[in-house]
Amino acid sequence: QAVRWHIELQPWASPTPSLNYEALRFLKYISTSQISCEHMNLSSLKGYSETTKKPWSICLDERFSLIHRIRSKQCRLYSLGLGSDDNQFEIGMANSGCEVHRFDPSIKSAHIQEGQHLWYHRLSIDWRDPNPAIATHKLHSNTKKLGTILNEFGHQKIDVLKADVESAEWKILENLILEDVVEQIGQLVFEVHIHWPGFEVSGNDSTVVRYWYSLLRELELKDFRLFHTYKDLSKPQMFLKKNAFNASSCYTLSWVNTRWK
C-alpha cells in the first residue's frame, strides 16, 4: 500500500474561493450529527460522578462495541492533553474498569500508575517522530507519533481517543488519517480550536477552512460518524481571529467508528 503524504482536499464550497462559503460549510458540518446516540455519558457506570468541566461525550449505545468492552473490562482509553487538571473523565473511565493512558508532557516523572487502571506518561503526541540527527529535536525525545506509541506499548486498538491538545489537533488528526492509525480507534473525542489555523497549518483563511473540512470528510470516508458537538460558550467567540459566523473558538466533537461492531 502506497504511503499517503497528503489528504485529499475537497472541492471549494463555491465557484471561487470564499471564506464566507468555506466557513458556513465547515460550521454546518461540525454542528450536524451524522448518527444518533442515545447514551452519551458515564453517569450510568459505577464510580462516576458528574463533575466534568465539559462534556467528553462517548457513545454507549448497545449497537457499538464500547459499552460491551467496558462491561467485559477490555476497553482502552488514550487521553492526549497538555497540563490540564480536568481528568474526571479519565478517572471515571478507569473506575469503570477501562485501561486508561494519559499522555501529558507536563507530568513530573516518566510513568506513573495511579490505582489499578490509570497510567500517566510524560509523553507528548505529535504528528511526527523526532529526528535524532537534528539537535533541537533531541530536546523533544519524549514527543512521538501515536502510531509509534501503539507499537511501543504493544497495543493494537484504542477504544476511545480523547484529545485536548490546544491547536495541535489538526496535524495530529492528519497524521492518524495518513498512516491509517485512525482505523485502530473506536471513538474519537477531540477538542478543536478554530480561532487560528493551528500549529503548522498554513495558507489564507479560506484555504485553512477548506483543509479543516477536508480532514473531517476523510474521517467520514473511514466510516467515522459525528454523533455529538459541544460548542464551548465559555471560550472567546472567534473564528480565525474574527468575531464572525456566530462561532465559538472551541468545539468538542465526538465520532464513532461504525465499522467497529
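Here, the structure is the one placed above.
Just so it is clear, the structure is predicted and the values come from calculations on it, not from any experiment. (Residues numbered from 1 in each chain as written. Predicted model: local features only at pLDDT ≥ 70, side-chain atom pairs only at ≥ 80, totals over all residues. Heavy atoms only, no water.)

Turning next to the state of the cysteines. Applying the stated rule across the entire model yields two disulfides. The connectivity of the disulfide bonds within the protein chain can be written as 1-2, 3-4, using the sequence rank of each bonded cysteine. (Disulfide = S-S within 2.5 Å.)

Our focus in this paragraph is the side chain of Ser167. Within the secondary structure layout, Ser167 lies in the loop between strand 7 (158–164) and helix 6 (169–178). With relative accessibility at 3%, the residue Ser167 sits in the buried group. A polar contact is formed between the side chain of Ser167 and the side chain of Trp196, at a distance of 2.9 Å. For Ser167, the contacting residues outside a window of four places in its chain are His193, His195, Trp196, Gly198 and Phe199. (Helix = DSSP H or I, 4+ residues; strand = E, 2+ residues; numbered from the N terminus. Buried < 20%, exposed > 50% of the residue type's maximum accessible area, 1.4 Å probe, protein only. Polar contact = N/O pair within 3.5 Å; in protein donor to acceptor, adjacent residues only side chain to side chain. Contact = heavy atoms within 4.5 Å.)

Our focus in this paragraph is the pattern of salt bridges. Within the structure shown, the criterion is met by 17 salt bridges. Of the charged contacts, one joins Glu90 and Arg102 as a salt bridge, the two residues approaching to 3.2 Å between their closest N and O atoms. With Glu90 in helix 3 (residues 88–95) and Arg102 in strand 2 (residues 99–103), this pair connects stretches of sequence that are twelve residues apart. Taken individually, Glu90 and Arg102 each receive the classification buried, so the pair is uniform in this respect. Residues Asp205 and Lys242 are paired through a salt bridge, measuring 2.5 Å at the closest nitrogen-oxygen approach. (Salt bridge = Lys/Arg side-chain N within 4 Å of Asp/Glu carboxyl O.)

Let us look at the packing of helix 1 (residues 19–30) against helix 7 (residues 205–221). At a minimum axis distance of 9 Å, the contact between helix 1 and helix 7 shows a crossing angle of 30°. Comparing their axes, helix 7 and helix 1 come out roughly parallel. Two packed elements cross with a definite hand, and for helix 1 against helix 7 that hand is left-handed. Facing Leu19, Glu22, Ala23, Arg25, Phe26, Tyr29 and Ile30 of helix 1, the residues of helix 7 in contact are Asp205, Ser206, Val209, Arg210, Trp212, Tyr213, Leu216, Arg217 and Glu220. (Axes fitted to C-alpha atoms, helices over the stretch in contact; angles between N-to-C directions. Parallel < 35°, antiparallel > 145°, perpendicular 65-115°, else oblique. Left-handed = near helix turned anticlockwise from the far one by under 90°.)

Turning our attention to the pairing of strand 8 (residues 185–193). With nine of nine residues buried, strand 8 is to be regarded as a mostly interior element. In this structure, strand 7 lies alongside strand 8, joined through five bridges in parallel fashion. Pairing of Lys162 across the sheet is with Val189, part of strand 8. After leaving strand 7, the chain enters helix 6 and then returns to the sheet as strand 8, a path that is right-handed. One ladder, built from seven bridges, connects strand 8 with strand 10 (residues 250–257); its direction is antiparallel. Within strand 10, the position partnered with Gln187 by the bridge is Val256. (Pairing = 2+ DSSP bridges. Right-handed = clockwise from strand over helix to strand, strands pointing away.)

As a rule of thumb, nonpolar side chains are buried together in soluble globular proteins. Membership of the largest hydrophobic core comes to 51 residues, with the highest contact counts inside it found for Phe26, Trp170, Leu188, Trp212, Leu216 and Phe239. With eight residues, helix 7 is the largest single contributor of residues to this core. Ignoring sequence-local partners within four residues, the contact set of Phe239 consists of Leu19, Ala23, Phe26, Leu27, Ile194, Val209, Trp212, Ala244, Phe245 and Ala247. The next biggest cluster of nonpolar side chains, apart from the first, holds 19 residues, and it includes Leu42, Ile70, Cys75 and Cys98. (Core = buried A, V, L, I, M, F, W, Y, C linked by side-chain atoms within 4.5 Å.)

Let us look at the sheet that holds strand 9 (residues 224–231). Read across the sheet, eight strands follow the order 3-4-2-1-7-8-10-9 without closing on themselves; strand pairing throughout is mixed. The sheet is open, and its two borders are formed by strand 3 (111–114) and strand 9, each paired with just one other strand. Across the sheet, the mean angle separating the axes of adjacent strands is 15° when strand polarity is ignored. Across four bridges, the pairing between strand 3 and strand 4 (residues 118–121) is antiparallel. Opposite Ile112, over in strand 4, you have Tyr120 as the bridge partner. The strands touched by helix 5 (residues 146–153) within the sheet are strand 1 (76–81), strand 2, strand 4, strand 7 and strand 8, with strand 1 carrying the most contacts at an inclination of about 135°.

Remember that the coordinates give geometry; whether it matters functionally is a separate question.
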